[in-house]
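Chain by chain, the residues run as shown.
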Amino acid sequence: MDYKTNKNKPAVFSGVQPSGVLHLGNYLGALKQWVEMQEQYNCIFCVVDYHAITVKQEPKQLSRRILDVVRTYLAAGIHPAKAVIFQQSAISAHTELAWILNCAAARLSDLNKMTQFKDKSAKKESVSVGLYDYPVLMAADILLYNTDAVPVGEDQVQHVELTRTLAQRFNRQYGQVFKIPEVVISEQGARIMGLDDPAKKMSKSAASPANYIALTDTPEVATKKIRRAVTDSGSEIKYDLKNKPAIANLMVIYSLLTNISLKEIEKNYQGQGYGEFKKDLAEAVKKFLVEFQIKYNSFTDDEVRQILKHGAEKVRPLAEETLKTVKNKLGIN
Ligand code: AQP
């Protein structure tokens, strides 16, 4: 079955970098809502490989990871008949529009405020210009497709806000071109924290694998990571972000995987300690991973390449149309 655009549905765009193995944070913060949104929206989900190369990647591994991100989308429940999946570098309009926005809309003072750049460049001897300019490329990704909504984790909210600023600035100066997108973040799970440090977010490029549960971790490895996950002082299972950030994070993961509310979890574990709760959390994670991985392993590379090729064919005309309008406005067509 082929994906068909429905003009009455709002448009959604989002993406993931093939910069490492995807983890539960990526799933609970982003992919889970994508799956829910694909029924009501025209969804475009991208593998943002140009974003990934803002930091050094090993070429063979990057090629592999691009395919694996698509397999992750499919295993999470994104269906190519309901949503378009494509690879960013297949559509040159992304980098062309990013350059135009660099010149015609973005200011150094905007980019200097970006906290993700500050975090990612901190203590690094050598940092690419691309890493600094990452948010402008992200703005181009979103604006090319007349996007209404951008579902992301909390760490990307600032970048979507910048996208809105750039679009408004361009429209003011050159006339109406871009739709102003809204950010969508999930009520819970928008910021899943590291298992080894509840003050830092779960991240693919974390220094230690103890930080995250990868979606490809075996249940045994995941169980070990949960057993060793940092906890707070005391032993009560209570959702208290300020005083018990580690256990609150584990409770959110458990709640999202089992659909048991945080209040119910508190009630169910009254009088029990962290050990009991972690055992049940490990079981819930195991159940999720086993089901996820059966699907993940069922897609061949050829199927994935076909999906990407099809996806690129679908989005190319949309992207080229926007780019043409932008170039006309600038007088460079
Ligand atoms: N810890 C998280 N909790 C909730 N959502 C998260 N996301 C990432 N980490 C968490 C969301 O996942 C989507 C894809 O992320 P990305 O690949 O574009 O890059 P990122 O945000 O920089 O994620 P990582 O895992 O930390 O990757 P690296 O380490 O390579 O930078 C986004 O919607 C993101 O918000």
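Residues numbered from 1 in each chain as written. Predicted model: local features only at pLDDT ≥ 70, side-chain atom pairs only at ≥ 80, totals over all residues. Heavy atoms only, no water.

**Topic: the site of the ligand**
Part 1 of the argument: Every one of the 24 residues lining the ligand counts as a neighbour, but Ser19, Lys120, Asp155, Lys204 and Ser205 are closest to it.
Part 2 of the argument: In this structure, lysine 120 approaches the ligand through a side-chain N or O atom, which is 2.3 Å from an oxygen atom.
Part 3 of the argument: Between the ligand and the protein, one listed contact pairs an oxygen atom with a side-chain N or O atom of serine 205 at 2.3 Å.
Part 4 of the argument: In isolation the ligand offers 640 Å² of accessible surface; the protein chains occlude 98% of this area.
Part 5 of the argument: Sorting the residues of the shell around the ligand by element identifies β1 (11-16), α1 (24-37) and α6 (115-121) as the ones contributing at least two each.
Part 6 of the argument: The element that contributes the greatest number of residues to the shell around the ligand is α1, accounting for four residues. (Near = heavy atom within 4 Å. Polar contact = N/O pair within 3.5 Å; in protein donor to acceptor, adjacent residues only side chain to side chain. Areas by Shrake-Rupley, 256 points an atom, 1.4 Å probe, with all protein chains shown as cover. Helix = DSSP H or I, 4+ residues; strand = E, 2+ residues; numbered from the N terminus.)

**Some details on the domain arrangement of the protein chain**
Part 1 of the argument: Domain assignment breaks the protein chain into domain 1 (3-190 + 300-330) and domain 2 (209-295).
Part 2 of the argument: Here domain 1 and domain 2 have C-alpha centroids that lie 30 Å from each other.
Part 3 of the argument: Taken together, the contact between domain 1 and domain 2 spans 12 residues of the former and 15 residues of the latter.
Part 4 of the argument: Across the domain 1 to domain 2 interface the summed buried area is about 1300 Å²; carbon plus sulfur atoms make up 75%.
Part 5 of the argument: Sorting the residues of domain 1 by area buried against domain 2 places Leu24, Ala75 and Gln188 first, and these three jointly supply 46% of that buried surface.
Part 6 of the argument: Where domain 1 meets domain 2, there are four residue pairs in polar contact (both at pLDDT 80 or more).
Part 7 of the argument: Of all elements in the fold, only α1 and α3 (59-76) reach the threshold of two or more residues within the side of domain 1 that touches domain 2.
Part 8 of the argument: Looking at the side of domain 1 that touches domain 2 element by element, the count peaks at four residues for α1.
Part 9 of the argument: Tallied by class, residues from the side of domain 1 that touches domain 2 come to seven nonpolar, four polar and one charged. (Domains from an automatic or database assignment. Contact = heavy atoms within 4.5 Å. Buried area = accessible area lost by both parts, 1.4 Å probe. Nonpolar A, V, L, I, M, F, W, Y, C, P; charged D, E, K, R; others polar.)

**Concerning the side chain of serine 186**
Part 1 of the argument: The residue serine 186 is located in the loop between β5 (182-184) and α9 (219-228) in this model.
Part 2 of the argument: A distance of 3.0 Å separates a polar side-chain atom of serine 186 from the backbone oxygen of glutamine 188.
Part 3 of the argument: Those residues in contact with serine 186 that lie beyond four places of it in its chain are Leu28, Gly29 and Gln33.

**Comments concerning the pairing of β1**
Part 1 of the argument: Counting buried positions along β1 gives five out of six residues, so the element sits mostly inside the fold.
Part 2 of the argument: The sheet contact formed by β1 and strand β2 (residues 42-47) spans six bridges and is parallel. Bridge pairing links alanine 11 to asparagine 42 in β2.
Part 3 of the argument: Traced from β1 through α1 to β2, the parallel crossover comes out right-handed. (Buried < 20%, exposed > 50% of the residue type's maximum accessible area, 1.4 Å probe, protein only. Pairing = 2+ DSSP bridges. Right-handed = clockwise from strand over helix to strand, strands pointing away.)

**Looking at the packing of aromatic side chains**
Part 1 of the argument: One pass over the full model with this rule turns up 13 aromatic pairs.
Part 2 of the argument: Relative to tyrosine 145, the ring of phenylalanine 13 lies with its centre 5.6 Å away and its plane at 5°, an arrangement referred to as stacked. Here phenylalanine 13, found in strand β1, pairs with tyrosine 145, found in the loop between α7 (129-143) and β4 (149-151); they are 132 residues apart in sequence, far enough to count as distant. Grouping residues by exposure puts phenylalanine 13 and tyrosine 145 together as buried.
Part 3 of the argument: The interplanar angle of 80° and the centroid separation of 5.0 Å between the aromatic rings of phenylalanine 117 and tyrosine 132 together place this pair among those described as edge-to-face. Of this pair, phenylalanine 117 sits in helix α6 while tyrosine 132 sits in helix α7, placing them 15 residues apart in sequence. An identical accessibility class is assigned to phenylalanine 117 and tyrosine 132; each is buried.
Part 4 of the argument: By the ring-pair criterion, three or more aromatic residues cluster together here, those being Tyr27, Phe288, Phe292 and Tyr296. (Phe/Tyr/Trp six-rings, centres within 6.5 Å; stacked < 30°, edge-to-face > 60°.)

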